[in-house]
Amino acid sequence: RYFTGHTYNPDGSPQYVKGKMGVGETIRGVVKIFTVAVTIVVVAVPEGLPLAVTLTLAFSMRKMMRDKALVRRLSACETMGSATTICSDKTGTLTLNQMTVVEAYFGGEKMDPPDNTQKLSAAVSTMIIEGIAQNTSGSIFEPEGGQAPEVTGSPTEKAILSWGLQLGMKFSETRSKSSILQVFPFNSEKKRGGVAVQVGDSEVHVYWKGAAELILESCTSWIDKDGSKQSMTPEKVGEFKKFIEDMAVASLRCVAFAYRPCEMSDVPKEDQRADWVLPEDNLIMLGIVGIKDPCRPGVQDSIRLCAAAGIKVRMVTGDNLQTARAIALECGILTDPNVSEPTIIEGKTFRELSDLEREEVADKISVMGRSSPNDKLLLVKALRNRGHVVAVTGDGTNDAPALHEADIGLSMGIQGTEVAKESSDIIILDDNFATLVRVVRWGRSVYANIQKFIQFQLTVNVAALIINVVSAVSSGDVPLNAVQLLWVNLIMDTLGALALATEPPNNHLMQRPPVGRREPLITNIMWRNLLIMAFYQVAILLTLTFKGLTLLRLEHDNPAHAEILKNTFIFNTFVLCQVFSEFNARKPDELNIFKGIAGNKLFIAIIAITVVLQVLIIEFLGKFTTTVRLSWQLWLVSIGLAFVSWPLALVGKLIPVPDRPFLDMFTCCCPGKKEADDGKEDSGVKNIEVV
């Protein structure tokens, strides 16, 4: 068009006249056209999206640190917001991890209080104390000067050792009276730990400690309060089981103590002792203790919040089913005390199912008791195969495979091992379940903020592109020149990203269901808002482009000045429309766009900076941007046209949209493409950084 003389100057003369144009003038004309074309491409490409993603992730990561959550993998922030289920440990996460022995059953009778050994013979008391002191992975430091002893070890070990001190145990003295021959460390699969100690010259005691019902199965006799060995009759087994059930119903962890006497001749020689397996059968029951670990304050509210947000919390614990049921009822994970399989299931039962059966059962599980780390891994795999976005908590080295397999691995900062932390995506620094819920809020905030920015950016993109392309095709000139478009690009990319990507989370985010793996990033609500705003902006700006001279009463002005004034007014109105549109983008699905705005000072500051810079550009930088000053009347008209965006957006939000994504409706027309899309392997939660 340029070289055929069909593009015109504001005064109506052709921009290119064959044979009368110099080389320099011709090149300047071509460069101007090329500049506009490149600028349109720059505006069209959403290069601000990676900036918005990085900003919102980094901003959220810093804020989450204040909420006691250390993010190790940046994209995990967004993934956490899409979690549909949380598989949580009990001890230390749902509970306080402050264990104490509150009930004891020794010598065939309940000890009341649990440290009252008056009814037990000296021989029984000595045997209990020896079993506590030798069969432990913890220790006791007894300072001089009568200060309180310092107990170290796992929470369960600390509770048992503290109870031993109440019984009158002298830790160092007791351990010095016998020597350890072999140790079987506590095994999460067998739920027990043992030790063989030599007492005197030829006597050997093998002590076992572990899950009460499992230890009871291995016992063939028991010790009464006088120290006499009694046969384990079915009636006595029922009595022990009744006591275990009563403690479990009271949400106590049941730990049993048993031993077996051996002769030194039964023990392998020292050079062959490494392969010696401690005898686990024909044990003699000493007694059972009930350990209380109270629920964390506020954990019920957190679980209720998760349920309202469409997130199912599942408890995975090593405790027996009765204890697990009681804790789950106390926490709010279970509401009906009479639930049965598969809502509450034992790890062994789940482990023995086929892969297909596990997937069917996994959806229904709320509590898994007597579980091993491998059971947790199997549960995670089954849930992921069912399409869930799974978050898993873990603190032990054995939890590393499950943490790695899950979509989001959450390790514990206090009780967690280094291996667990290395395998996780986020570290919960205070081991609190409430912190985990705050992480979900921040994750949803990340996703929502990026959606807000996309809605805002696409509105600007569509409007700027249509206005410039239509004008360029119809008249060969554009109302928004290169410098102006780059300023618009700065508003919608850098400043827009800063304003919208730093919106803090709100409770409204926890009242919507989680985002599924295959749900579109641009929702129907966003399409509705975007199209309404873009249509309005395109309508008024194209009207001004083609009828602006008449509407602004500039027909009798100098043609060149009138054209620049019209284009300046279009540019000013367009930028102010984006300022008002930025407010609309804050709340895509809420009527009150000002809700919580006082809490985001950065948003207010960026809006103020944008407006101030726009005034400076129009009033003082006309030579740089090819603009002229506007009268106060034209400023008011620009503001008025931009202000219409608010009531228009309010009315638009009242228009209902279908639940089915618009893109799905379009793919119905292309069944071949849909089948190809459905056949693709889903590698996990979509990462917005790919967009």
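Residues numbered from 1 in each chain as written. Predicted model: local features only at pLDDT ≥ 70, side-chain atom pairs only at ≥ 80, totals over all residues. Heavy atoms only, no water.

1. Concerning the overall build of the chain
Summing up its helical and strand segments, the chain has 25 helices and 19 strands in all. The C-alpha atoms of the chain give 36 Å as radius of gyration, which overshoots the globular expectation for 691 residues (26 Å, by more than 25%). For the chain, the C-alpha atoms occupy an extent of roughly 120 × 65 × 50 Å along the three principal directions. For the chain, buried positions account for 52% of its 691 residues. Once local pairs closer than 6 in sequence are excluded, the contacts in the chain between residues at least 24 apart make up 72%. Summed over all atoms, the accessible surface of the chain reaches about 31500 Å², with 59% contributed by carbon and sulfur. Counting 70 positive and 76 negative side-chain charges, the chain places the averaged centre of each group 9 Å from the other. (Helix = DSSP H or I, 4+ residues; strand = E, 2+ residues; numbered from the N terminus. Rg over C-alpha atoms; globule rule 2.2 N^0.38 Å. Buried < 20%, exposed > 50% of the residue type's maximum accessible area, 1.4 Å probe, protein only. Contact = heavy atoms within 4.5 Å. Areas by Shrake-Rupley, 256 points an atom, 1.4 Å probe, with all protein chains shown as cover. Lys, Arg positive; Asp, Glu negative; His and termini not counted. Charge placed at Lys NZ, Arg CZ, Asp CG, Glu CD.)

2. What to know about the pattern of salt bridges
Using the criterion set out here, one finds 28 salt bridges in the structure. The partner of Glu-422 in a salt bridge is Arg-72, and the shortest N-O contact between them spans 3.4 Å. Taken together, the residues span a long stretch of sequence, with Glu-422 in helix α15 (residues 418–423) and Arg-72 in the loop between β1 (69–71) and α3 (76–81) at a distance of 350 residues. Note that Lys-236 and Glu-239 form a salt bridge whose closest N and O atoms lie 3.0 Å from each other. Residue Lys-236 and its partner Glu-239 are located together in helix α8 (residues 234–249), separated by 3 residues, close to a single helical turn. The partly exposed category is assigned to Glu-239, whose relative accessible area is 36%. Each of Asp-89, Lys-376 and Asp-399 takes part in a single network of salt bridges with overlapping partners. (Salt bridge = Lys/Arg side-chain N within 4 Å of Asp/Glu carboxyl O.)

3. Things to note about the UniProt feature "domain: Cation-transporting P-type ATPase C-terminal" (unreviewed entry) in the chain
UniProt records the feature "domain: Cation-transporting P-type ATPase C-terminal" (unreviewed entry) for residues 478–655 in the present numbering. Structurally, residues 478–655 is divided into 67% helix and 0% strand, and its ends, taken at the C-alpha atoms, are 34 Å apart. (UniProt positions renumbered as here; feature names shortened; annotations may be inferred.)

4. Considering the environment of Val-483
In this fold, Val-483 is placed in helix α17 (residues 482–500). Using a relative accessible area of 29% as the deciding quantity, one classes Val-483 as partly exposed. Sequence separation between Val-483 and Glu-213 is 270 residues, and the spatial gap between their C-alpha atoms is 78 Å.

5. Things to note about the confidence of the model for the chain
Scored by pLDDT, the chain comes out at a mean of 85, with 94% of its residues at no less than 70. Counting contacts from residues 673–691, a segment whose pLDDT is below 50, to residues more than four positions away or on other chains yields 33 contacts. (pLDDT = per-residue confidence, 0-100.)

6. Here's the deal with the sheet that holds strand β19 (residues 426–428)
The 8 strands are arranged β1-β19-β18-β17-β2-β14-β16-β15 in an open sheet whose pairing can be described as mixed. Of all strands in the sheet, those with a lone pairing partner are β1 and β15 (344–346), marking the two edges. Ignoring which end each strand starts from, the neighbouring axes of this sheet average 20° apart. In the sheet, β15 pairs with strand β16 (residues 367–369) via 3 bridges, with the strands oriented parallel. Bridge pairing in β16 places Glu-346 opposite Gly-369. Most of the contacts of helix α13 (residues 373–385) go to strand β17 (residues 390–394), to which it runs at about 170°, and overall it touches β2 (85–89), β14 (312–316), β16 and β17. (Pairing = 2+ DSSP bridges. Axes fitted to C-alpha atoms, helices over the stretch in contact; angles between N-to-C directions.)

7. Let's talk about unusual backbone geometry
Cis rather than trans, the peptide bond between Asp-112 and Pro-113 has omega equal to 0°. Relative to the elements of secondary structure, Pro-113 occurs in the loop between β4 (109–111) and α4 (122–134). Phi at Lys-68 takes a positive value of approximately 70°, unusual for a residue other than glycine. Within the secondary structure, Lys-68 is located in the loop between α2 (48–66) and β1. Look at Arg-370: it is not a glycine, yet its phi comes out positive at around 50°. By secondary structure assignment, the location of Arg-370 is in the loop between β16 and α13.

8. Things to note about the pairing of strand β3 (residues 100–106)
The buried fraction of β3 amounts to 5 of the 7 residues, a majority that puts the element mostly inside the structure. Alignment of β3 against strand β13 (residues 283–292), held across 6 bridges, turns out to be antiparallel. Residue pairing for β13: Tyr-105 is matched across the bridge by Ile-288. Alignment of β3 against β4, held across 3 bridges, turns out to be antiparallel.

9. Brief notes about the nonpolar core
Ranked by size, the top nonpolar core spans 54 residues in total, and within it Met-80, Ile-86, Ile-333, Ile-426 and Phe-433 carry the most contacts. Counting residues per element, this core draws most heavily on helix α16 (residues 433–475), at 11 residues. Taken together, domain 1 (34–59 + 442–660) and domain 2 (82–96 + 296–431) each give at least three residues to this core, which thus spans both. Ignoring anything within four residues of it in the chain, the contact list for Ile-426 reads Met-64, Ala-69, Leu-70, Val-71, Arg-72, Ala-76, Ile-408, Gly-409, Leu-410, Ser-411 and Val-439. (Core = buried A, V, L, I, M, F, W, Y, C linked by side-chain atoms within 4.5 Å. Domains from an automatic or database assignment.)

10. Overview of the domain arrangement of the chain
With domains assigned, the chain is organised as domain 1 (34–59 + 442–660), domain 2 (82–96 + 296–431) and domain 3 (100–139 + 147–292). Distance from the C-alpha centre of domain 2 to the C-alpha centre of domain 3: 30 Å. Counting residues at the interface gives 17 residues for domain 2 and 15 residues for domain 3. Contact between domain 2 and domain 3 buries roughly 1100 Å² in total, counting both sides, with carbon and sulfur atoms accounting for 45%. Among the residues of domain 2 in contact with domain 3, Gln-322, Thr-323 and Arg-370 are the three that bury the most area, contributing 36% of the side total. Between domain 2 and domain 3 we count 2 salt bridges in total. Arg-253 is paired through a salt bridge with Asp-319; the nearest N and O atoms lie 2.7 Å apart. Every element with two or more residues in the side of domain 2 that touches domain 3 is listed here: α10 (321–331) and α13. (Buried area = accessible area lost by both parts, 1.4 Å probe.)

11. Topic: the packing of aromatic side chains
Taken as a whole and judged by the stated rule, the model has 15 aromatic pairs. Note on Trp-163 and Phe-257: the rings are 6.4 Å apart at their centroids and 35° apart in plane angle, and the pair reads as tilted. Of this pair, Trp-163 sits in helix α5 (residues 155–166) while Phe-257 sits in strand β12 (residues 252–263); the two residues are 94 residues apart in sequence, bridging distant segments of the chain. For the pair shown, Trp-163 and Phe-257 are each scored as buried. Taken together, the ring pairs connect Phe-580, Phe-583, Phe-594, Phe-603, Phe-643 and Trp-646 into an aromatic cluster. Lying over the aromatic face of Phe-240, Lys-236 brings its terminal NZ or CZ to 5.8 Å of the ring centre. (Phe/Tyr/Trp six-rings, centres within 6.5 Å; stacked < 30°, edge-to-face > 60°. Lys NZ or Arg CZ within 6 Å of the ring centre and 35° of its normal.)

12. So, empty space enclosed by the protein
Under the criterion given, the structure shown has 5 cavities of 30 Å³ or more. There is about 60 Å³ of room inside the largest cavity. As for the largest cavity, its lining consists of Gln-455, Asn-529, Ile-532, Met-533, Asn-584, Ala-649, Gly-652 and Lys-653. Its residues placed into classes, the lining of the largest cavity shows 3 nonpolar, 4 polar and 1 charged. (1 Å grid on protein atoms, 1.4 Å probe; cavity = no way out; pocket = protein on both sides within 12 Å on 5 of 7 lines; lining within 4 Å. Points joined across faces, edges and corners; volume = space filled by probe spheres on them. Nonpolar A, V, L, I, M, F, W, Y, C, P; charged D, E, K, R; others polar.)

13. Remarks on the UniProt feature "transmembrane region" (unreviewed entry) in the chain
UniProt feature "transmembrane region" (unreviewed entry): in the numbering of this structure it lies at residues 33–59, 525–544, 602–622 and 634–655. Overall, residues 33–59 shows 89% helix and 0% strand. The separation of its end C-alpha atoms is 40 Å. Along residues 525–544 one finds 100% helix and 0% strand; the C-alpha atoms at either end are 29 Å apart.

14. A few points about the side chain of Lys-421
Relative to the helices and strands, Lys-421 resides in helix α15. Here Lys-421 is in contact with Arg-72, Ser-411, Met-412, Gly-413, Gly-416 and Ile-427, once residues within four sequence places are set aside.

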